[in-house]
Amino acid sequence: MDDKEIYAKLKVIIEPYLDDEVDMESLTLDSHLINELNINSAHVIDIVLDIENEFDIEIDDDSIMKMETIQNVLNIIKEKSTEQLS
Amino acid sequence: MEKRVVITGLGVVAPNAVEVSQFESALRDGLSGIEKSAMLEELNFGCQIVGIPKYNPDDLKKIVPKSLLIKLENEAIKYSCLAGTEAWKDAGLKFTSRDSEPDWDSGIVFGVGTLAMDGFISGKLKYVDSGNTRKGGPRVVEQSMNSGAATYINEILGLGNVVTSNSSACATGTEAIIQGYERIKSGKASKMLCGSCESQGKYIWGAFDGMRILCNDSNDNPTNGSRPMSANARGFVPGAGAGALVLEELESALSRNAKIYGEIVGGDVNSGGQRNGGSITAGSSIATIRCIKATLEQSGIDASEIDLISGHLTATIADAKEIENWAIALDRKGDDFPYINAPKSMIGHCIGASGSIEMVGVVLQLYKGFIHPTINIEELHPDILKVINENKVPRKVIEHKLNYVIKASFGFGDVNSCIILKKWNENGR
């Protein structure tokens, strides 16, 4: 799965957690989940669970701590997908 | 100097109607909200009939932020958000904008019998039991903590005074209103959203079914199951929902020209201490009588001025005892007894939500001047007829001006709560 595909799937996962004031169009790889997208820290955990289901991976607590921007999340998904395949 | 407290907003999610205007029609028409439950039949319950509110899920989307609604599973919280915001808007009040300070003068008391027993909890507990807690997700605490409903409502309203949830079993709803009333009376808040909720589901109802106190003879005739005061009453029918009232300090209400539904002139709670015939599950008469008398005393009126009693009356063997207690506390009997009605005949017993849902009904009757019927009575219980006249229990709606109405709720734990409302008239006396 390339970055583009992962990003497209990730957007679908994140969309329901954004409040109406946050514009989906303004989402970029640098968007900060909590500071910019207004996602509360509990909901980040919900997003983690949705990602785990979608990509069939497990994301450990240390990785969750590193999930600040969309790019970070992408990287973690890629990393875990590769690791857990092998 | 004690403040005067009036009611300026109402909201309701009840088994027989959602929204206040619909609820008024349902009460006038004697509409039952009790239905057969296929789930309870499947589960072999003794009582397979229940009252479940039928709200429109789209209405939730209008008030609960999308990001919160996505994994909001607890039905009682949904009922509460609908009823709470309806009451707040009905009072002509706005939600605090998200970038401003909270409204420090307004608060919430929103009680519940047991928030965590909603059906959603089974889908969460299974992860704990299988050693996989992290799969349960992050939203279990906020939807199962007892203050969950108050918390969700306040996510929308943004209030900064006390925000809490009381619990006193079936007395919860009435007690919530009294706690808000006392808060305003003592000058600590100017507006209080008060109410309560109870969820639906097999775990809550199963617990009561196990006690053998639910109606088990009407599974094929659900609307006839809840028969308070009836000679053939056969236990209560459980219901779910939420009721909400905005209580407001009189000067605050007048200064913003708010609609005033009525004034709370007395409210008292007590416990029989599980002594003198009281127990965890049975109320002691001396405590009930004392609570009613204390409420009367606070109100400064004579018992003869009470026009209507909205009873607790659950359709159990306790109904006759309740009538006797009212007669003793008010010192009125026979033809001198006030009118009395039993909202549970239509909505069942909504447990922690009962007091607040029923209080919305009481306020509507006072404000509009009518007495709703008690349905399903073929014959009044003989012990009740020994105390009051048959005509004191209307079976059809009566248009009747009401000046003072008294409402009580009693709960497991031998606890009582009682409120007297006074009709509001424009000159304020």
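Residues numbered from 1 in each chain as written. Chains lettered and ligands numbered in written order. Predicted model: local features only at pLDDT ≥ 70, side-chain atom pairs only at ≥ 80, totals over all residues.

Draft legend 1. Focus on the packing of helix H1 (residues 3-14) of chain A against helix H2 (residues 41-55) of chain A. Residues and elements named next belong to chain A. With their axes 10 Å apart at the nearest point, H1 and H2 run at an angle of 135 degrees to one another. The pairing of H1 with H2 is recorded here as oblique in orientation. The interaxial crossing formed by H1 with H2 has right-handed handedness. Contact with H1, carried on its side by Lys9, Ile13 and Ile14, involves Ile47, Asp50, Ile51 and Glu54 of H2 and no other residues of that element. Its residues assigned to classes, the contact of H1 with H2 shows 4 nonpolar, no polar and 3 charged. (Axes fitted to C-alpha atoms, helices over the stretch in contact; angles between N-to-C directions. Helix = DSSP H or I, 4+ residues; strand = E, 2+ residues; numbered from the N terminus. Parallel < 35°, antiparallel > 145°, perpendicular 65-115°, else oblique. Left-handed = near helix turned anticlockwise from the far one by under 90°. Contact = placed C-beta atoms within 7 Å. Nonpolar A, V, L, I, M, F, W, Y, C, P; charged D, E, K, R; others polar.)

Draft legend 2. Quick peek at the interface of chain B and chain A. The interface of chain B with chain A comprises 9 residues on the first partner and 10 residues on the second. Along the lines of polarity and charge, the residues of the side of chain B that touches chain A split into 3 nonpolar, 2 polar and 4 charged.

Draft legend 3. Geometry of helix H15 (residues 354-368) of chain B. Compared with an ideal rise of 1.5 Å per residue, which puts 15 residues at 21 Å, H15 of chain B spans 21 Å between its outermost C-alpha atoms and is within 8% of the ideal. Once H15 of chain B finishes, Gly369 of chain B follows within two positions and takes phi at roughly 75 degrees, a positive value. (Expected span 1.5 Å × (residues − 1).)

Draft legend 4. Summary view of helix H10 (residues 202-209) of chain B. All names here are of chain B. Within H10, the full set of buried residues consists of Ile204, Trp205 and Asp209. Considered in projection along H10, the buried side chains sweep an arc of 135 degrees and stay on one side of the axis. Where H10 is buried, its residues contact helix H2 (38-42) and strand S4 (49-51). (Buried ≥ 20, exposed ≤ 12 C-beta atoms within 10 Å, placed from the backbone. Arc of directions from axis to C-beta.)

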